[in-house]
Amino acid sequence: MPVPEPPARAAAPLSVLMCRPTYFTVSYRINPWMNPDHPTDTTRAIAQWETLVATYRELGFAVDFIEPEPGLPDMVFAANGGTVVDGMAYTANFAHPQRRPEAAAHERWFAAAGLEVVRSVEVNEGEGDFLVVGNMILAGTGFRCSTAAHDEVARLVRHEVVPLTLVREDYYHLDTALAVLDARPGAEQIAYLPSAFDDASLAELRRRFPDAIEASEEDAAVFALNAVSDGLHVVTAHGATRFHAQLSSRGFVPVGIDLSELLLGGGGVKCCTLEVRPASMAREAAA
Ligand code: ARG
């Protein structure tokens, strides 16, 4: 049987928002990866995070920064600060009180950046559970994001919002169990961990993405799926060798990063990265 040609890959550099882990530590436990008794090394976390910033710059990404705030150790996980689609910033509304003040800091950043800010009413943690792929937003629920927030987003965007239920506490945000590899409409591709989803959600993923990469438990456990892709380069956990091979066989270029220190907070590459999607031509034309 002839091996089918992998689709043509093309890099489209992203605009991203990041937050230096100046105050990163694990002082509370809101996910199973966090253990306040396990010491963290903030200097090392900063060094690892700087490697991620340098990698994004090498890939030609536009990287912006939000000022870290003392007393908000999880603020490094900028992906949770909101969801930016078509120049509209839908604010976060954190499930846990420890992280709630992060939402206001992000809201101020969004407004200063000239984005149209829509303050959420419903509980959601930004891109932790809202992943844009093609004309869809894959929307996680089960631990942090409410289904009411899915409905709220669906009223704001032109995308179809596809609800997915997470069932494992260790994969508490959608972006810990599912990676968008190619977001281009018509060329959508994802990778995910099947055991993180309930049966109905798994059936939905298999129906919509029949050629998706199914990641192994080992790779998911080092947060390989907490990845950022420009359509060609997939920035992911460095230790996830099988996942790297899966990516290569589909024509993607894996770029491994060691964020072991941030994994102690239950985060990886994607958690540190909020994508700032500018207003699309279509939206501007309609305005
Ligand atoms: N300690 C953080 C929390 O539990 C980690 C957030 C990870 N972020 C993400 N986008 N998955 O809220």
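In what follows, the structure referred to is the one given above.
The following refers to the structure shown. Keep in mind that what you see is a predicted model, and the values were worked out from it rather than measured.

**Thoughts on the site of the ligand**
What surrounds the ligand is a group of 17 residues, the closest being Asn31, Arg99, Asp175, Gly265 and Cys271. For the ligand, a nitrogen atom lies 2.9 Å from a polar atom in the side chain of Asn80. Taking 340 Å² as the accessible area of the ligand by itself, protein coverage stands at 100%. Here the ligand occupies the largest cavity. For the shell around the ligand, the class distribution of residues is six nonpolar, seven polar and four charged.

**Thoughts on the layout of surface pockets**
Remark: the empty space left among the atoms is shown by a probe the size of a water molecule rolled over them. Of the volumes computed, that of the largest pocket is approximately 790 Å³. Considering the residues around the largest pocket, the lining is formed by 38 residues, among which Leu14, Val132, Ala183, Glu275 and Arg277 are closest to the centre. Counting residues per element, the ones that place at least two in the lining of the largest pocket are β1 (15-18), β6 (130-133), β9 (178-182) and β12 (228-229). For the lining of the largest pocket, the per-class residue count stands at 20 nonpolar, eight polar and 10 charged.

**Some thoughts on the sheet that holds strand β7 (residues 136-141)**
Two pairing modes exist for strands in a sheet, parallel and antiparallel, and in both the strands are linked by backbone hydrogen bonds. The mixed open sheet is built from three strands, whose spatial order is β6-β7-β8. A single partner strand is all that each edge strand has here, and the edge strands are β6 and β8 (160-165). Across the sheet, the mean angle separating the axes of adjacent strands is 25 degrees when strand polarity is ignored. Here β7 runs beside β8; their pairing, made up of six bridges, is parallel. Across the sheet, residue Gly140 finds its bridge partner in β8, namely Leu164. Where helix α3 (residues 147-156) meets the sheet, its contacts fall on β6, β7 and β8, and the angle it forms with β7 comes to roughly 165 degrees. Taken strand by strand, helix α4 (residues 199-208) contacts β7 and β8, and its axis lies near 135 degrees from that of β8.

What counts and what doesn't
What you see as residue numbers is a count from 1 along each chain, following the sequence as written. The predicted nature of this model means local features are confined to residues of pLDDT at least 70 and side-chain atom pairs, given and counted, to a pLDDT of 80 or more, with totals for whole chains, interfaces and linings taken over all residues. Computation of side-chain values: all heavy atoms of the structure, hydrogens and water removed. One heavy atom suffices: a residue is near a molecule or strand as soon as one of its heavy atoms comes within 4 Å of it. In protein, a polar contact requires one atom able to donate a hydrogen and another able to accept it; more generally it is a pair of N or O atoms within 3.5 Å, and residues adjacent in sequence count only if both atoms are side-chain atoms. Per-residue and other accessible areas were derived by the Shrake-Rupley procedure at a 1.4 Å probe size, with only the shown protein chains allowed to occlude residues. Space inside and on the surface of the protein is sampled on a 1 Å grid over the protein atoms alone, with a cavity defined as a set of points where a 1.4 Å probe fits but cannot get out and a pocket as an open set with protein on both sides within 12 Å along at least 5 of 7 lines; lining residues have an atom within 4 Å of a point. Here the criterion for a molecule occupying a pocket or cavity is that more than half of its atoms lie within 2 Å of the pocket grid points. Gly is placed with the polar residues, together with every amino acid not listed as nonpolar (Ala, Val, Leu, Ile, Met, Phe, Trp, Tyr, Cys and Pro) or charged (Asp, Glu, Lys and Arg). Grid points are joined across faces, edges and corners, and a volume is the space filled by probe spheres set on the points. Secondary structure elements are taken from DSSP: a helix is a run of H or I of four residues or more, a strand is a run of E of two residues or more, and numbering for both begins at the N terminus. When DSSP finds at least two bridges between two strands, those strands are taken to pair. Convention adopted: a line fitted to C-alpha atoms gives each axis, helices being fitted over their contacting stretch, and angles between N-to-C directions are expressed from 0 to 180 degrees. Note on definitions: a residue-residue contact is assigned when non-hydrogen atoms from the two residues lie within 4.5 Å.

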